[in-house]
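What the coordinates show
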Amino acid sequence: MSTDFQQARVALGVRLRELREACPGGRLTGTALAERLGWTQSKVSKLENGRQTAAAEDLEAWARGVEQPEAVDELMARLRGLESHIRSWRRQLAAGHKAVQDAHNEAQARSQVLRAWESSWVVGVLQTPDYARAILSRFAELHGTARDIDDAVRSRMRRQEGLYDSTRKYHILLWEGVLRARICPPAVLAAQLDRLLGVVGLDTVDLGIVPFGAALKIPPATGFWIYDDRQVIVETWHAELWLDDAESVATHLRVWNTLRESAVYGAEAQRVIGEARRAL
C-alpha cells in the first residue's frame, strides 16, 4: 500500500504526462521534451512515473515546454499538496527559523498524547535555551539560512508550556548518545543534563533512556514525533516529513513501541543521565 504522499506524487506525474501528450504543437515524446528543456530523458521519466519529486522550477519549465503555460497554477497547487507532506528545509527556512518553530508549537498544542524517539539531540520541548541556541545555530550554518536564532529560541521555549498542562502526556525516548553528543560547550550540555534529571519527576512526562548497553530489536535510527496516533513528523537532512496516512502512523508506532522495550525509566534513567553528566 502506498502512502498519501506517494499517491499524490504519482498523480502529479500522470498529469504531467497528460500535458505532454496534449502539447498544442503536436504530441511530444519524453525524449523530445527532455531535449527541449535541456534535461536528461531519465528526469522526464522519473517525474512522469512519480519516482522523483518535482521542484517549482521544474513545473514552470514543464508548462512552458509543453506549450501550456496556463497549467502552471494547477501544477503549483498539486505541488503544495505534496509539500504538506514533505517540507524541504530550503523552502521552510527561506524566511528564517522562527516560522518553523511556530508550526511545531501549533502541531503540539493540538495534541494530547505525544510520543517521541530521538537518537541525535534532546527533543525541543525539553531543551534549555542555551542548548536550543546551539542546535539551531548549527542548522543555520548547515543550511546557510537567515539567523533569526533568538526569535526561534523564544518560540521553542514557548512549546514547553505544554509540559505543565495536566491534559497532556509526553512519552519521550532518548538514545544515550543524545546525552553525550558534544554539539554544544560542556557547560551548556551539563545544564541540559541537569534539566533532564528534573524532567524525570514531571507528572506529564514519561522520559525513557535507551542505554548503549541495552539489547535492541531494531537499530536506533531516525528520530520522529507521533501526535495522538494520527500524525508523524520525521526530520531528515533535507526536509521534514509530515505524514498522516494510517500505514505510516502504524509503522512508527511499532518502531516506538519496539524501542521502548529497551528503555529504562525513573531512577535507572536518572543513573544513565547522571553518568553522562559526570563524564563531562
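For the structure, see preceding data.
A brief structural summary. These numbers were taken from a predicted model, which means no experiment stands behind them. (Residues numbered from 1 in each chain as written. Predicted model: local features only at pLDDT ≥ 70, side-chain atom pairs only at ≥ 80, totals over all residues. Heavy atoms only, no water.)

**Quick word on the overall build of the chain**
Secondary structure summary: the chain contains 13 helices and seven strands in total. For the chain, the spread of C-alpha atoms along the principal axes amounts to about 75 × 40 × 35 Å. Residues classed as buried in the chain amount to 51% of the 280 residues present. Long-range pairs, those at least 24 residues apart, make up 75% of the contacts in the chain with a sequence separation of at least 6. Mean positive and mean negative side-chain charge positions of the chain (37 and 37 charges, respectively) differ by 3 Å. (Helix = DSSP H or I, 4+ residues; strand = E, 2+ residues; numbered from the N terminus. Buried < 20%, exposed > 50% of the residue type's maximum accessible area, 1.4 Å probe, protein only. Contact = heavy atoms within 4.5 Å. Lys, Arg positive; Asp, Glu negative; His and termini not counted. Charge placed at Lys NZ, Arg CZ, Asp CG, Glu CD.)

**Some thoughts on the sheet that holds strand β4 (residues 205–210)**
Taken in spatial order, the seven strands of this open sheet run β1-β7-β6-β5-β2-β3-β4, and their pairing is mixed. Strand pairing shows two members of the sheet lacking a second neighbour, β1 (86–88) and β4, which therefore form its edges. Within this sheet the neighbouring strands show an average axis-to-axis angle of 10°, counted without direction. Bridging between strand β3 (residues 169–175) and β4 involves six bridges; their strand directions are parallel. Pairing of Tyr-170 across the sheet is with Val-205, part of β4. Along the sheet face, helix α12 (residues 246–260) touches β2 (113–118), β3, β4, β5 (224–227), β6 (231–235) and β7 (239–243) and points at about 115° away from the line of β5. (Pairing = 2+ DSSP bridges. Axes fitted to C-alpha atoms, helices over the stretch in contact; angles between N-to-C directions.)

**A few points about the packing of helix α8 (residues 129–143) against helix α9 (residues 149–158)**
When two helices pack together, their arrangement is given by the angle between the helix axes and the distance between those axes. Where α8 meets α9, the axes come as close as 9 Å, and the angle between the chain directions of the two elements is 130°. Our classification of the angle between α8 and α9 gives oblique. Handedness of the crossing formed by α8 with α9: right-handed. Contacts between α8 and α9 involve Pro-129, Ala-132, Arg-133, Ile-135, Leu-136, Ser-137 and Ala-140 from the former and Ile-149, Asp-150, Ala-152, Val-153, Arg-156 and Met-157 from the latter. Here the contact of α8 with α9 is composed, by residue class, of nine nonpolar, one polar and three charged. (Parallel < 35°, antiparallel > 145°, perpendicular 65-115°, else oblique. Left-handed = near helix turned anticlockwise from the far one by under 90°. Nonpolar A, V, L, I, M, F, W, Y, C, P; charged D, E, K, R; others polar.)

**Remarks on the packing of helix α2 (residues 30–37) against helix α4 (residues 56–65)**
Running from N to C, α2 and α4 point in directions that differ by 110°, and their axes come no closer than 10 Å. Put simply, α2 runs roughly perpendicular to α4. The handedness of the crossing between α2 and α4 comes out as right-handed. Contacts between α2 and α4 involve Leu-33, Arg-36 and Leu-37 from the first element and Ala-61, Trp-62 and Gly-65 from the second. Classifying every residue of the contact of α2 with α4 gives four nonpolar, one polar and one charged.

**Some words on α8**
With 15 residues, α8 extends 21 Å from end C-alpha to end C-alpha; this agrees with the ideal 21 Å at 1.5 Å per step. As for α8, its buried residues are in contact with α7 (98–109), α9, α11 (186–199) and β6. Phi turns positive one or two residues past the end of α8, at Gly-144, with a value near 60°. (Expected span 1.5 Å × (residues − 1).)

**Observations regarding the environment of Gly-81**
Mapped onto the secondary structure, Gly-81 falls in helix α5 (residues 72–83). Look at Gly-81 and you get partly exposed, because its relative accessible area is 33%. Measuring from C-alpha to C-alpha, the distance between Gly-81 and Ala-276 comes to 44 Å, with 195 residues separating the pair along the chain.

**Remarks on the pattern of salt bridges**
Under the counting rule described, the total for this entry stands at 21 salt bridges. Two residues, Asp-229 and Arg-115, come together in a salt bridge whose shortest N-O distance is 2.7 Å. Here Arg-115 lies in strand β2 and Asp-229 lies in the loop between β5 and β6, a separation of 114 residues in the sequence. For Arg-115, a relative accessible area of 18% translates into the label buried. Between Arg-277 and Asp-194 there is a salt bridge, with the nearest N and O atoms lying 3.0 Å from each other. Of the two residues, Arg-277 sits in helix α13 (residues 266–278) while Asp-194 sits in helix α11, which places them 83 residues apart along the sequence. (Salt bridge = Lys/Arg side-chain N within 4 Å of Asp/Glu carboxyl O.)

**Details of the nonpolar core**
Of all hydrophobic cores here, the largest spans 51 residues; its most connected members are Leu-126, Ile-172, Leu-196, Leu-207, Ile-209 and Trp-225. Sequence-distant contacts of Leu-126, defined by excluding residues within four places in its chain, comprise Gln-160, Leu-163, Ile-172, Gln-192, Arg-195, Leu-196, Val-199 and Leu-207. (Core = buried A, V, L, I, M, F, W, Y, C linked by side-chain atoms within 4.5 Å.)

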